[in-house]
Amino acid sequence: MMNIMGRVQARLDQSGEIMARGRVNMAEGGFAAENDMRNAIWRCVLCRHGDDCRDWLAAGRTDIPDFCPNRGIYAKYASAGGTHAASVA
């Protein structure tokens, strides 16, 4: 059984990988992005879809998964050609 810190780290790694694949950039979002990121981190850490997320990542997908509770936040900051666009195919 994974300890709590191991679970948190695993979830943060998964979240970071989803954001990288979906070209999610929250760096230029200012205060609103800070709040969104804080909420996204907590949602990810407490999410019940950790195994689904791991499998989705292992499949090499680049869309933002339907089961992800952060799908809306990630789509809000997903960039396509330097502009924000919903990358949630």
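Here goes a summary of the coordinates provided. In this text, all values refer to a predicted model and were calculated from it rather than measured experimentally.

Cut-off values and rules
Residues numbered from 1 in each chain as written. Predicted model: local features only at pLDDT ≥ 70, side-chain atom pairs only at ≥ 80, totals over all residues. Heavy atoms only, no water. Helix = DSSP H or I, 4+ residues; strand = E, 2+ residues; numbered from the N terminus. Buried < 20%, exposed > 50% of the residue type's maximum accessible area, 1.4 Å probe, protein only. Polar contact = N/O pair within 3.5 Å; in protein donor to acceptor, adjacent residues only side chain to side chain. Salt bridge = Lys/Arg side-chain N within 4 Å of Asp/Glu carboxyl O.

A few words on the environment of D66. By secondary structure assignment, the location of D66 is in the loop between α3 (50–58) and α4 (71–77). Under the relative-accessibility criterion, D66 is labelled exposed at 65%. At 3.2 Å, the side chain of D66 and the side chain of R71 are in polar contact.

Moving on to the pattern of salt bridges. For the structure shown, the criterion picks out five salt bridges. Measuring nitrogen to oxygen at the nearest pair gives 3.0 Å for the salt bridge that ties D36 to K76. In this pair, D36 sits in helix α2 (residues 30–46) while K76 sits in helix α4, placing the two residues 40 residues apart along the sequence. A residue is classified by how much of its surface remains accessible, and D36, at 13% relative accessible area, is buried.

This part is about the side chain of D63. On the secondary structure map, D63 appears in the loop between α3 and α4. Within the structure, the side chain of D63 is placed 2.7 Å from the side chain of R61, a separation counted as a polar contact.

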